[in-house]
Amino acid sequence: MAETGAPVISHGLEGVYIAESKICKVDGSAGRLYYRGYSIDLLANNSTYEEVCYLILYGRLPKRRELDAFRKKLIEARPLPGMVIDVIDEFARRQDPMDTLRSAVSALSAYDNDMNDSSEAANFDRSVNLVSKLAGIVATIGRCRNGGGYVEPDGTLTHAENLLYMLNGSRPSQKDAKLLDLMLILHAEHSSNASTFSTLVAGSTLADLYSAVTSGIAALKGPLHGGADEAALRMMRAIGSPDNTERYIEDALKGKRKIMGFGHRVYKTYDPRAMIIKQDLIALQENESQEVKALTAIALRAEKMMIDRLGKTHGIWPNIDFFAGPIYVSMGMPIEMFTPVFAASRIVGWCAHMMEYWQNNRIFRPLEYYSGPVDLEYVPLDRRK
Ligand code: SDX
């Protein structure tokens, strides 16, 4: 208790452990990240999003026939129900794509034949269905926003290839498909971040998985969380040319404005995912457009200045969202689709954590310290001055 008798409040639940988990370790001081014990660098260099989904959901790497069977389930679940396509088509041009995503996932639950079956087997099936369908929903939202219509999924394509195929209506290059698969791996899971925690809070009341995931989508939208990748690219575009970078950052810091794509509640050193994305962004420069080259130059100069000014002294380093924008620009991804793609990846983390938490469920009900008055007199309306 503080001197005033008020309890010590953990603002934003900083430093508070809400559960025990075996899914993901985020080592914020060493800048290391592990999915089920495998370091993110190993997975980024050797795995695929489908294999990482299997790992996160089932807790171990699959054997070949297990991965083939899992991939087959994902492919079979790809087609979207007609009404979900109608919801997307109706809403996509009117609102933020994350809002349409929330509505589409809610609509999807209408096609679940047994919502009352909360068994682990049923929720694993729901998880596979959601992982598969979110890619198609996100792609269809992107298409409808730009005047296109639903593209039937292609069962011969990988998860990442099919997302780009359904978004653009044409098969992606190997470069773009590989880059997107990497981005999906890097965004798949990250312990008790705000959107995963939001998913857990909703599910801890024993609401269904679609409701819990809808809560996660809502939380991911904000620019302090999943929306930072879009905000960081908007900043780079506002800077315009590399020589404007330092002046822009200086003004922002003087104005106490946050530089999106930097800082993290857990990482107090370089986010290992940001390092991987940065290296891939630098590697792809030579064949890239002038825009990507300029954005990369701006990003690298902003990174250097921010690390010098706030990195070593304040623990504010690049996070996963900072270099993501130029990578997505290089594959022609519309800026408003960055965060929906983040959701299409993180769906597997939300589902895995929800199913793990349900194994030892307890409803979340934290305390709030009330500092207002009590026992006030009720003055009738006519006597209030
Ligand atoms: C993601 O949690 C996860 O794991 C999330 C994520 C995942 O995979 O799920 O990693 C994905 O959301 C990454 C973060 C993306 N968001 C941004 O890039 C938005 C910009 N970053 C900040 O808003 C902030 O750093 C947060 C939200 C990421 C962390 O917030 P905290 O831990 O509450 O830190 P804070 O806002 O209290 O900042 C502490 C101090 C403040 O200065 P003072 O008021 O104490 O003087 O650091 C400053 C902040 O102003 N600060 C920044 C800054 N981030 C923090 N100053 C300038 N630029 C920044 N980006």
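Residues numbered from 1 in each chain as written. Predicted model: local features only at pLDDT ≥ 70, side-chain atom pairs only at ≥ 80, totals over all residues. Heavy atoms only, no water.

It is worth spelling out the overall build of the chain at this point. Along the backbone of the chain there are 16 helices and three strands. Against the compact-globule benchmark of 21 Å for 385 residues, the chain has a radius of gyration of 22 Å, which places it among compact chains. The C-alpha extent of the chain, read off along each of the three principal axes, is 70 × 60 × 45 Å. Taking all 385 residues of the chain together, the buried fraction comes to 52%. Contacts in the chain between residues far apart in sequence, at least 24 positions, make up 74% of those at least 6 positions apart. Seen as two clouds, the 45 positive and the 47 negative side-chain charges of the chain have centres 3 Å apart. (Helix = DSSP H or I, 4+ residues; strand = E, 2+ residues; numbered from the N terminus. Rg over C-alpha atoms; globule rule 2.2 N^0.38 Å. Buried < 20%, exposed > 50% of the residue type's maximum accessible area, 1.4 Å probe, protein only. Contact = heavy atoms within 4.5 Å. Lys, Arg positive; Asp, Glu negative; His and termini not counted. Charge placed at Lys NZ, Arg CZ, Asp CG, Glu CD.)

Evaluation of the coordinates by the stated rule reveals 24 salt bridges. The salt bridge involving E336 is made with R145; its shortest N-O contact spans 3.5 Å. One end of the pair, E336, is in the loop between α15 (324-330) and α16 (338-358); the other, R145, is in helix α6 (residues 120-145), with 191 residues separating them in the sequence. Bridged by salt links that share partners, the residues D99, R102 and K221 form one connected network. (Salt bridge = Lys/Arg side-chain N within 4 Å of Asp/Glu carboxyl O.)

Next up on the list: the side chain of N319. Along the chain, N319 turns up in the loop between α14 (290-314) and α15. Of the polar contacts made by the side chain of N319, one reaches the backbone nitrogen of D321; its length is 2.8 Å. Those residues within four positions of N319 in sequence are excluded, and the remaining contacts are G261, F262, G263, H264, D271 and A274. (Polar contact = N/O pair within 3.5 Å; in protein donor to acceptor, adjacent residues only side chain to side chain.)

On to the packing of helix α4 (residues 82-91) against α6. At a minimum axis separation of 9 Å, α4 and α6 run at an interaxial angle of 40 degrees. It follows that α4 is oblique to α6 by the angle criterion. The interaxial crossing formed by α4 with α6 has right-handed handedness. Two secondary-structure elements touch here, α4 through V84, I88 and D89 and α6 through I137, T140, I141 and C144. (Axes fitted to C-alpha atoms, helices over the stretch in contact; angles between N-to-C directions. Parallel < 35°, antiparallel > 145°, perpendicular 65-115°, else oblique. Left-handed = near helix turned anticlockwise from the far one by under 90°.)

Okay, the domain arrangement of the chain next. Looking at the chain, the domain boundaries give domain 1 (24-226 + 338-358) and domain 2 (228-330). For domain 1 and domain 2, the distance between their C-alpha centres works out to 26 Å. Each partner contributes residues to the interface: domain 1 has 30 residues there, and domain 2 has 26 residues. Summed over both partners, the interface of domain 1 with domain 2 comes to about 2,100 Å²; 67% of that surface belongs to carbon and sulfur atoms. Where domain 1 touches domain 2, the interface holds one salt bridge. The interface formed by domain 1 and domain 2 contains seven residue pairs in polar contact (both at pLDDT 80 or more). Broken down by secondary-structure element, the contributors of at least two residues to the side of domain 1 that touches domain 2 are β1 (24-27), β2 (32-35), α1 (40-46), α8 (174-187) and α16. Ranked by residue count, the leading element in the side of domain 1 that touches domain 2 is α8, at eight residues. Its residues assigned to classes, the side of domain 1 that touches domain 2 shows 15 nonpolar, nine polar and six charged. (Domains from an automatic or database assignment. Buried area = accessible area lost by both parts, 1.4 Å probe. Nonpolar A, V, L, I, M, F, W, Y, C, P; charged D, E, K, R; others polar.)

This part takes up the sheet that holds β2. A sheet is described by the order of its strands in space; here three strands give the open sequence β1-β2-β3, paired in antiparallel fashion. Each of the sheet's edge strands pairs with one partner strand only, and the pair in question is β1 and β3 (38-39). Here β1 pairs with β2 via four bridges, running antiparallel. Bridging across to β2, V26 finds its partner in L33. (Pairing = 2+ DSSP bridges.)

Close to the ligand lie 20 residues, the nearest being H190, K258, H264, R265 and R273. K258 is positioned such that a nitrogen or oxygen atom in its side chain is 2.5 Å from an oxygen atom of the ligand. Taking H264, its side chain carries an N or O atom lying 2.7 Å from an oxygen atom of the ligand. Calculation on the ligand without its partners gives an accessible area of 1,000 Å², and the protein chains cover 71% of this total. By residue class, the composition of the shell around the ligand is seven nonpolar, seven polar and six charged. If you count residues domain by domain, the shell around the ligand takes at least three from each of domain 1 (24-226 + 338-358) and domain 2 (228-330). (Near = heavy atom within 4 Å. Areas by Shrake-Rupley, 256 points an atom, 1.4 Å probe, with all protein chains shown as cover.)

The next point concerns the pairing of β1. Along a regular strand, successive side chains alternate from one face of the sheet to the other. Burial along β1 is one-sided: the residues C24 and V26 are buried and none of K25 and D27 is. Once β1 ends, the chain turns through four residues before running back antiparallel as β2, passing G31 with a positive phi of about 70 degrees.

Counted at 1.5 Å a residue, the expected span for α8 with its 14 residues is 20 Å, and the 20 Å between its end C-alpha atoms agrees. Across the 14 residues of α8, 11 count as buried, placing the element largely inside the fold. Within the sequence span of α8, burial applies to D176, A177, L179, L180, D181, L182, M183, L184, I185, L186 and H187. (Expected span 1.5 Å × (residues − 1).)

Even without being glycine, L13 reaches a positive phi, approximately 60 degrees. Looking at where L13 falls in the secondary structure, it is placed in the segment before β1. Despite not being glycine, S191 has its phi angle at roughly 60 degrees, a positive value. Exposure remark for S191: the relative accessible area of 22% places this residue in the partly exposed category.

With 117 residues, the main nonpolar core has Y35, L101, L130, L180 and M333 as its most contacted residues. Sorting elements by how many residues they give to this core places α16 first, with 14 residues. Domain assignment of the residues forming this core places at least three in each of domain 1 (24-226 + 338-358) and domain 2 (228-330). Apart from residues no more than four positions distant in its own chain, L130 is found in contact with V105, L108, L209, Y210, V213, I347 and C351. (Core = buried A, V, L, I, M, F, W, Y, C linked by side-chain atoms within 4.5 Å.)

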